[in-house]
Amino acid sequence: MQSLASWLTDWNALFGQREWPVYCTADEVNIYFVRPNLFNSVNLFHFLCLFLHRCCPWSRCCGMGDFRPRTVWLGHPEKREQRYPRNVINNQKYNFFTFLPGVLFNQFKYFFNLYFLLLACSQFVNELRLGALYTYWVPLGIVLIITMIREAVEEIRCYLRDKEVNSQIYSKLSTRGTVKVKSSGIQVGDLIIVEKRQMHLRLTSVAHSSPPLPGSCFLRTDQLDGETDWKLRLPVACTQRLPTAADLLQIRSYVYAEEPNIDIHNFIGTFTREDGDPPVNESLSIENTLWASTVIASGTVVGVVIYTGKELRSVMNTSNPKHKVGLFDLEVNCLTKILFGALVVVSLVMVALQHFAGRWYLQIFRFLLLFSNIVPISLRVNLDMGKMVFSWMIRKDSKIPGTVVRASTIPEQLGRISYLLTDKTGTLTQNEMVFRRLHLGTVAYGMDSMDEVQSHVFSAYTQVSEAGNRISPLAKAPAATKVRKTISSRVHEAVKAIALVHNVTPVYEANGVTDQAEAEQHYEDTCRVYQAASPDEVSLVQWTESVGLTLVGRDQSSMQLRTPSGQILNFTILQMFPFTYESKRMGIIVRDESTGEITFYMKGADVVMAGIVQYNDWLEEECGNMAREGLRVLVVSKKSLTEEQYQDFEARYVQAKLSVHDRSLKVATVIESLEMEMELLCLTGVEDQLQADVRPTLEILRNAGIKVWMLTGDKLETATCTAKNAHLVTRNQDIHIFRPVTTRGEAHLELNAFRRKHDCALVISGDSLEVCLKFYEYEFMELACQCPAVVCCRCAPTQKAQIVRLLQERTGKLTCAVGDGGNDVSMIQEADCGVGVEGKEGKQASLAADFSVTQFKHLGRLLMVHGRNSYKRSAALSQFVIHRSLCISTMQAVFSSVFYFASVPLYQGFLIIGYSTIYTMFPVFSLVLDKDVKSEVAMLYPELYKDLLKGRPLSFKTFLIWVLISIYQGSIIMYGALLLFESEFVHIVAISFTSLILTELLMVALTIQTWHWLMIVAELLSLACYIASLVFLHEFIDVYFITTVSFLWKVTVITLVSCLPLYILKYLRRRFSPPNYSKLTS
């Protein structure tokens, strides 16, 4: 039975159809034993693998139906108690056996295609047959063949992408040593070795990198939760004592883990070693875990796989993607339903005019077949081919290189976007922090004056006595004035404080010339890499290095700085107070080993530091100025302590940490006793560098009438700074920061406060958003939609998708979601248009998106040029195809009416097929090359895009106009032919059909706004094809008659009467009521 279940699982993995695709990269794996040094330590971490597996139909029988806790034996996957999802990706919609029936079902489940299938099948009934079978089956077959080719190409591409990801190679510990295994072969319980460069291809440091602290590693989670801070992860202590990684296979140990769930911030589990004396039990928490979609930033990791496939946190936080049908397709579908209603009405009228004589019910079916051209079968194939052309144009646009169209069915959606929802980290920003400003109150240093800071630091540490002892920079500076000395001293103290108050650790790595041990011993600059829990911290330390004070070493109890002269300054870390979201500050107490001085340094947000530092009159003003520039502002301060003061504080601090009740409150109270009357040293301004041309792109989108919402998992302060820096919030707009709310009453009060503000951007956290949506969903969305910009911070992936869904439901407008990480996949798949940005953080978002770009700035051209053109061209093409069908249907109606309502076709055989194919197909389809303005004009005047949001290119008004044009031209051609024909019926066919072809060619020329050389070729080619085919159409047309002058003047008159009035109306409209774009082109 087990082998049968295993065979079924393998079969499903190979051929099973996936309903919920999640795209990801192969270098994301998860519970780990972290081995910072493969030669002396092994640490337990939580290892997960990010490859979604679609469960087989028998998953409940196999034990995969419900999520349950599990016991995982280290290195022994065969001991599993239940079946787990395989570690494979299968994003294909079909397999080898389901492709043909699947494609056919998806085509004929819509009424439009099913209707034509029934028409074709009706020709097998003799009483209903109107002509040759091929007149109905050939057009339907062409449509199906084109659709199958397109689906097959997409399936092959999807298969190749899946194969590449599933074939990624990892190292696995086994009884045979270290073996290579494909990612698809990883099972729960395997011990996997992952080095830093495996986790993310952009990390180029060599393997076996040293960790920042013994038995630990830093983790990047921005692809999972959007937070840019690096997380420190700790190992299980008992595994540290094992001499080698191979010893993990020799011990009897297992992990008991909770059932899979969506909570990415918590984990409950235990680690048990049974062969110990006594047995060892250790608890596991989130600090021992490494989820999928995260990246190891330091150390070498050895871990046991706990979750795979659909049980991953990242997968469970990914909503089920919906099948996207464009709004344009829905509108066209609505118009075809109206046309079908017209078809039924015309057929009933014809039978009614016969007074329902004889077998009238058969006559109804015959008229339905006779007027079937009212619903054009070529409409769908023309639109699908047009979308393929639009997608090709997007891919080949040299001004947006690297753009990929993964959903070729919705390019016209890009032309009607009302709300754009974007991620922050990696999308709007580069996630690279740059130090921009140092402010001392009386003087500020920007990027152009950092050499002055460097000279101050240099002078502070290079003035030494002849004995080599460092002395104060103020002791020897005879040429300097008192003011100069004061500024120099303040700069030196500020730089020194910034170099000490942080959680950054320098890590040394071999570089091919110097090995790791030698680099660490001599503090080699070329081998040093800074690692920290926040990129802000790293940027500050890198700046102090650039001005001469370099952090060269750190462990849990000491820190080493190197001066510009090469001297090493040693500091002992006495206490460390880490940053928390509640305190919004961090502090450190250090002792200078050379002088014995004890100093308490602190930095934090201005809102909390203002009450801690000594009174001053510039802090609030300068913090506001720097924040308006989009800089992240930190206030740095210090306080000197005597030995007695520190000993007193330490005693109270230790006592507070030993408290059982209210420990956190007592510890905070003791720390706050130090945080009084601190000396304000400086302000620092750090900028998260924006992507190229983000500001002008957002300005273009705003002018185009698109409202931009930023949804990020990052902190509120960071999100607000980025919104200001990117000019998402303009300078003249106020910002309303929604207070944290937890109850219905608080949410009600805060919503009322927000309601009183106008033209105000909203900033709200994910927790407060959840409360508001729970109790006041309608009221909140109504207020938020009125805002010029909205920033949602601390958003979970599912929350992002929920916001997109609510916008669609409440406004009925089209949404576009833009992101670059795995935490953006849900939002991208939920939106009407999903755009993925291929960046440094992998390709999860770009693979899951409908469109993939390499830079955010490309979004402007994608929407303003390609989106606008695709929508306008699709609208013109669809209406012209409908006009082409209505013309010939009107002629058929007139013909039947004149001949006593007989159900006899006007045109038969090749004439009816050739009319919508070789005679008119190329000119009509050439409308996909038409454009009203140049791309440069569309980018320069984004207001042109705003006109499309009302859906005017394709509306009931434009549809009715084209219907009236079709009825007029069809009636003129048919009545003209009946009036001017001489004696034989075949002359009516020749005159009317030739006039019809010429009218269609002239109408295409009338519709075109900008000529392309291919349009001219299409017109001439179609006309040549028709003239050449007349020789072979002697069965339907009198060849001798068409060579006479009588034929030529009759066709000319009829064509002029049908087209000339429309040309005159077009000229008058352009003369007295020109459209907006014509003013720009002129």
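Residues numbered from 1 in each chain as written. Predicted model: local features only at pLDDT ≥ 70, side-chain atom pairs only at ≥ 80, totals over all residues. Heavy atoms only, no water.

1. Some points on helix 19 (residues 694-703)
Rules: Each residue is placed in one exposure class: buried if its accessible area under a 1.4 Å probe, protein chains only, is under 20% of its type's maximum, exposed if it is over 50%, and partly exposed if it falls in between. Only DSSP runs of H or I with at least four residues qualify as helices, and only runs of E with at least two residues qualify as strands; both kinds are numbered from the N terminus onward. Note that the arc is computed from the directions linking the helix axis to the C-beta atoms. The contact rule is simple, with two residues in contact once any of their heavy atoms fall within 4.5 Å.
Of the residues making up helix 19, those classed as buried are Val694, Thr697, Leu698, Ile700 and Leu701. Looking down the long axis of helix 19, one finds its buried residues gathered within 155° of arc, a one-sided arrangement. The inward-facing, buried residues of helix 19 abut strand 16 (417-422), strand 27 (679-690), strand 28 (707-711), helix 27 (858-898) and helix 30 (935-940). Looking one or two residues beyond helix 19, the residue adopting positive phi is Gly705, at roughly 85°.

2. A look at the side chain of Glu412
Checked against the element boundaries, Glu412 lands in the loop between strand 15 (404-405) and strand 16. Judged by its relative accessible area of 0%, Glu412 is buried. Beyond its immediate chain neighbours, meaning those up to four positions away, Glu412 contacts Phe328, Asp329, Lys387, Gly867, Ser870, Tyr871 and Ser874.

3. Looking at the side chain of Arg861
Just so we agree on the cut-off: Any pair of N or O atoms that falls within 3.5 Å is considered a polar contact. Within protein, one atom must be able to donate a hydrogen and the other to accept it, and sequence-neighbouring residues count only if both atoms are side-chain atoms.
Take Arg861: it is sitting in helix 27. On the basis of relative accessible area, Arg861 is assigned to the buried category, the value being 13%. In terms of polar contacts, Arg861 uses its side chain to reach the side chain of Asp397, at 2.6 Å. Every residue in contact with Arg861, bar those within four places of it in the chain, is listed here: Asp397, Lys399, Ile400, His866, Ser935 and Met939.

4. Here we look at the packing of helix 32 (residues 956-980) against helix 35 (residues 1045-1072)
Quick note on the threshold: To define axes, lines are fitted to C-alpha atoms, for helices over the stretch in contact only, and angles between the resulting N-to-C directions are given on a 0 to 180 degree scale. The labels follow the angle: roughly parallel below 35 degrees, roughly antiparallel above 145, roughly perpendicular from 65 to 115, and oblique for the rest. Each crossing is labelled by how the near helix is turned from the far one, with a counterclockwise turn of less than a right angle marking it left-handed and a clockwise turn marking it right-handed. Three categories are distinguished: nonpolar for Ala, Val, Leu, Ile, Met, Phe, Trp, Tyr, Cys and Pro, charged for Asp, Glu, Lys and Arg, and polar for the others, with Gly belonging to the last.
Between helix 32 and helix 35, the least distance of the axes is 10 Å, while the angle of their chain directions is 160°. It follows that helix 32 is roughly antiparallel to helix 35 by the angle criterion. Of the two elements, helix 32 crosses helix 35, and the hand of that crossing is right-handed. Residue-level inspection shows Ile965, Tyr968, Gln969, Ile972, Ile973, Gly976, Ala977 and Leu980 of helix 32 in contact with helix 35, the latter providing Trp1049, Lys1050, Ile1054, Val1057, Ser1058, Cys1059, Pro1061 and Leu1062. Partitioning the contact of helix 32 with helix 35 into residue classes produces 12 nonpolar, 3 polar and 1 charged.

5. Concerning the pairing of strand 33 (residues 833-837)
Our working rule: What makes two strands pair is DSSP finding at least two bridges between them. When the strands point away from the viewer and the path from the first strand over the helix to the second turns clockwise, the crossover is right-handed.
Across the 5 residues that make up strand 33, a large majority, 5, are buried. Every second residue of strand 33 is oriented toward a common face, with Cys833, Val835 and Val837 on one face and Gly834 and Gly836 on the other, all of them buried. Of the strand pairs in this sheet, strand 32 (residues 814-819) and strand 33 are connected by 4 bridges, and their pairing is parallel. Counted as the bridge partner of Ala817 is Gly834 from strand 33. For the crossover from strand 32 across helix 25 (residues 825-830) to strand 33, the handedness is right-handed. Here strand 33 runs beside strand 34 (residues 851-853); their pairing, made up of 3 bridges, is parallel. Within the sheet, the bridge partner assigned to Gly836 lies in strand 34 and is Ser852.

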